[in-house]
Amino acid sequence: MSETTSGVVSVSRRIEAPAEQIFAVLADPNRHTELDGTDMLRGVESGGPISGVGDRFVMNMFFEHFGGPYRMDNHVVDFEPGRKIAWAPAAGDEKAGNGSTPVGEPVGHRWIFELAPEGPDATMVTESYDCTAAPESLQKVVNGGEHWRAGMEATLVKLDEVCSA
């Protein structure tokens, strides 16, 4: 299932695993490369398991549009154990965003995972990309978030594989 609402793209998948198990994987940045459906993540530079709002983790990334490798400094902005986790990316170096965004300062887009338990051993997981507060230039580059849809769908397939194994 997928949905688009002006600057917010969401995809959902039912995963045969408890919400707490899925959340534990999402809250560990060290596991994110296993889940990456965009093939952009290259590894965690810093940050352990996420424990709450205000935590940060830095990912090594690769995106041809930005000229290759760069870093993203992710600021956790929502954290409800077993239910919801979200982070606001910020440029981690001058290469991120082609140098058009300040390093270390979130630019207005968010990655959000919401989990809705469907019994003890199944969960509806919704991943959303929200760029409604991002600069128009970023919204244009990602086509209002549509650029990420296929990668998000692939991420949920990988999350399913990891959590159902």
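All of these numbers come straight from a predicted model, not from anything done at the bench. (Residues numbered from 1 in each chain as written. Predicted model: local features only at pLDDT ≥ 70, side-chain atom pairs only at ≥ 80, totals over all residues. Heavy atoms only, no water.)

## As for the overall build of the protein chain
Spelled out, the test is: Strands are runs of DSSP state E lasting at least two residues, helices are runs of H or I lasting at least four, and both sets are numbered from the N terminus onward. Only C-alpha atoms enter the radius of gyration; for comparison, a globular chain is expected to reach 2.2 Å times N to the power 0.38, where N is the number of residues. Between buried and exposed lies partly exposed: a residue is buried under 20% and exposed over 50% of the maximum accessible area for its type, with that area taken using a 1.4 Å probe on protein chains only. Note on definitions: a residue-residue contact is assigned when non-hydrogen atoms from the two residues lie within 4.5 Å. Shrake-Rupley sampling with a 1.4 Å probe provides the accessible areas, and residues are treated as covered by the protein chains on show and by no other component. Asp and Glu are treated as the negative residues and Lys and Arg as the positive ones, with His and the ends of the chain left uncounted. Taken as the charge centre is NZ of Lys, CZ of Arg, CG of Asp or CD of Glu, depending on the residue.
Scanning the protein chain for helices and strands turns up four helices and eight strands. Going residue by residue from the N terminus, the α and β elements of the protein chain occur as β-β-α-α-β-β-β-β-β-β-α-α. Compactness check: the protein chain gives a C-alpha radius of gyration of 15 Å against a globular reference of 15 Å for 165 residues, within 12% of the reference. Across its three principal axes, the protein chain shows a C-alpha extent of roughly 45 × 30 × 25 Å. Going through the 165 residues of the protein chain one by one, you find that 48% of them count as buried. Considering only intrachain contacts with a sequence separation of at least 6, the fraction spanning at least 24 residues in the protein chain is 51%. Only carbon and sulfur atoms are counted for the fraction: they give 50% of the accessible area of the protein chain, which is about 7,800 Å². Counting 13 positive and 26 negative side-chain charges, the protein chain places the averaged centre of each group 2 Å from the other.

## Quick look at the side chain of Asp73
Going by this rule: Nitrogen and oxygen atoms within 3.5 Å of one another constitute a polar contact, given that in protein one can donate a hydrogen and the other can accept it, and given that sequence-neighbouring residues count only through two side-chain atoms.
Take Asp73: it is sitting in strand β5 (residues 68–80). Classification of Asp73 as buried rests on a relative accessible area of 5%. For Asp73, the side chain forms a polar contact with the side chain of Arg56, separated by 2.5 Å. Asp73 has contacts with Arg56, Phe57, Val58, Ala88, Pro89, Ala90, Ala91, Gly92 and Gly104, leaving out every residue within four places of it along the chain.

## Thoughts on the pairing of β5
The cut-off we apply is this: Two strands are said to pair when DSSP picks up at least two bridges between them.
Both strand β4 (residues 56–63) and β5 contribute to a ladder of eight bridges, which runs antiparallel. Within β5, the position partnered with Phe57 by the bridge is Asn74. Between β5 and strand β6 (residues 84–91), which pair antiparallel and follow one another directly, the connecting turn spans three residues, one of which, Gly82, has a positive phi of 75 degrees.

## A few points about the nonpolar core
Stated precisely, the cut-off is as follows: Each nonpolar core is a collection of buried residues, namely Ala, Val, Leu, Ile, Met, Phe, Trp, Tyr and Cys, held together in the definition by side-chain atoms within 4.5 Å.
Formed by 39 residues in total, the largest nonpolar core has its most connected members in Ile22, Ile85 and Leu159. A total of five residues in this core trace back to one element, the largest contributor, which is helix α1 (residues 19–26).

## Re the environment of Ser164
With respect to the helices, strands and loops of the structure, Ser164 is situated in helix α4 (residues 149–164). Judged by its relative accessible area of 39%, Ser164 is partly exposed. Taking the C-alpha atoms as reference points, Ser164 and Asp78, separated by 86 residues in sequence, lie 25 Å from one another. In this view, Ser164 contacts Ile15 and Glu16; residues no more than four positions away in its chain are not counted. In terms of polar contacts, Ser164 uses its side chain to reach the side chain of Asp160, at 2.7 Å.

## Quick word on α4
Residue pairs spaced three or four apart in an α-helix point in one direction, given the helix's 3.6 residues per turn. Worth spelling out the cut-off: Multiplying one less than the number of residues by 1.5 Å gives the expected span of a helix.
Taking 1.5 Å per residue, 16 residues should reach 22 Å; α4 reaches 22 Å between its end C-alpha atoms and fits that length. Here α4 has its buried residues at Arg149, Gly151, Met152, Thr155, Leu156, Leu159, Asp160 and Cys163.

## A look at α1
Rule in force here: Regarding the arc, it is the one traced by the directions from the helix axis to the C-beta atoms.
For α1, the full list of buried residues reads Ala19, Ile22, Phe23, Val25 and Leu26. Around the axis of α1, the buried residues are gathered within 160 degrees of arc, so they sit on the same side.

## Points about the pattern of salt bridges
Our working definition: We define a salt bridge as a side-chain nitrogen of Lys or Arg found within 4 Å of a carboxyl oxygen belonging to Asp or Glu.
Here the structure, examined in full by the defined rule, presents eight salt bridges. Notably, a salt bridge pairs Asp73 with Arg56, separated by 2.5 Å at the nearest N-O pair. You can see Asp73 sitting in strand β5 and its partner Arg56 sitting in strand β4, a full 17 residues away along the chain. Among the residues examined, Arg56 registers a relative accessible area of 49% and is labelled partly exposed. Where salt bridges share partners, they join Arg14, Glu16 and Glu118 into one cluster.

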